[in-house]
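Below are the chains, spelled out letter by letter.
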Amino acid sequence: MQVANAIVELLLSKVVTLGNVQVIIDGFSVMGFPNCGGAIDGTHIPILGPDHQGSQYINRKGYFSMVLQALVDHKGRFTNINVRWLGKVHDARVFRNSGLFRQLQEGIYFPDHKITVGDVEMPIVILGDPAYPLMPWLMKPYTGALDSEKELFNYRLSKCRMVVECAFGRLKGRWRSLLTRSDLSETNIPIVIAACCVLHNLCESKGETFIGGWEVEANRLSADYAQPDTRAIRRSQRDALCIREALKASFQSDQGNL
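I will try to describe carefully the structure that is included in this document.

Criteria and thresholds
- Residues numbered from 1 in each chain as written.
- Predicted model: local features only at pLDDT ≥ 70, side-chain atom pairs only at ≥ 80, totals over all residues.
- Heavy atoms only, no water.
- Core = buried A, V, L, I, M, F, W, Y, C linked by side-chain atoms within 4.5 Å.
- Buried < 20%, exposed > 50% of the residue type's maximum accessible area, 1.4 Å probe, protein only.
- Contact = heavy atoms within 4.5 Å.
- Disulfide = S-S within 2.5 Å.
- Phe/Tyr/Trp six-rings, centres within 6.5 Å; stacked < 30°, edge-to-face > 60°.
- Helix = DSSP H or I, 4+ residues; strand = E, 2+ residues; numbered from the N terminus.
- Lys NZ or Arg CZ within 6 Å of the ring centre and 35° of its normal.

Right, let's talk about the nonpolar core for a bit. Counting residues in hydrophobic clusters, the biggest one holds 74 residues, and the most contacted among them are Phe 33, Phe 78, Ile 81, Phe 95, Met 139 and Leu 247. Phe 78 has contacts with Val 15, Val 16, Thr 17, Ala 70, Leu 71, Val 72, Ala 167, Phe 168, Leu 171, Cys 197, His 200 and Asn 201, leaving out every residue within four places of it along the chain.

A few words on the state of the cysteines. What is meant by a disulfide is a covalent connection between two cysteines, made through their sulfur atoms. By the definition in use, this model includes 0 disulfides. Sulfur of Cys 196: no disulfide; nearest cysteine sulfur belongs to Cys 197 and is 7.1 Å away. A disulfide-free cysteine, Cys 242 has its sulfur positioned 20 Å from the sulfur of Cys 36, the nearest such atom. Under the relative-accessibility criterion, Cys 242 is labelled partly exposed at 34%.

Taken as a whole and assessed by the stated rule, the structure comprises 12 aromatic pairs. Note on Phe 153 and Phe 251: the rings are 5.8 Å apart at their centroids and 25 degrees apart in plane angle, and the pair reads as stacked. One end of the pair, Phe 153, is in helix 5 (residues 148–174); the other, Phe 251, is in helix 8 (residues 238–253), and 98 residues separate them in sequence. For the pair Phe 153 and Phe 251, a shared accessibility class is recorded, and that class is buried. Through pairs of rings, three or more aromatic residues link up here, namely Phe 33, Tyr 142, Phe 153 and Phe 251. If you follow Arg 156 out to its NZ or CZ, it ends over the ring of Phe 251, 4.2 Å from the centre. In this structure, Arg 244 is placed above the aromatic ring of Tyr 142, and the distance from its NZ or CZ to the ring centre is 4.0 Å.

What follows is the structure, given as structure tokens:
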């Protein structure tokens, strides 16, 4: 815990940080999504049932957990993390109560860098799965009946959003204590998770080798703790719908360029 505390105290604010936004936008653009500043998701870290508020930590898969919400860049490095939320809490609620949500909503997290898609202005966006709210600055997939245009949009978004899932896989592949129930207290677990996120960024930035066998072993260990399915959020803002429709149309017209 002394090591974990030192890592978080001295390195978290320097290592888990946004960095060069234009480089991130260019990276996601090459992958197929314009003006994108990151991909967001949550993952459940198994814990022992705490004495206090125990039932609040039980997630939809029936085990005790703590949620790690992370925003990553195009290379799968964490640029913003939120730890401490109890396993019962839905990803959308974790997000809405995070500092990241407030900064994005107020337009102060990213620089004011808008592009025009069709005839619609689009700010820098982040990408999420259906569990997140559709906002002018957060794009998520279409659900329900899909035509070919919606499928193309979903494919482009999913291809870029995969970086956050891969980041979680590599994080847990390197630090397997995050895969099985930790015997740490609920006050110490968030510190250890945050420290692992710092170390993940250092490894990824320095090009540290990630051995394929680690992921196989991680998948074996995580089989007992499947990630809960999250309910899709239906609410969305009109501006956000316009931006998503404009993107869908532009992807359709330039798909020959991919």
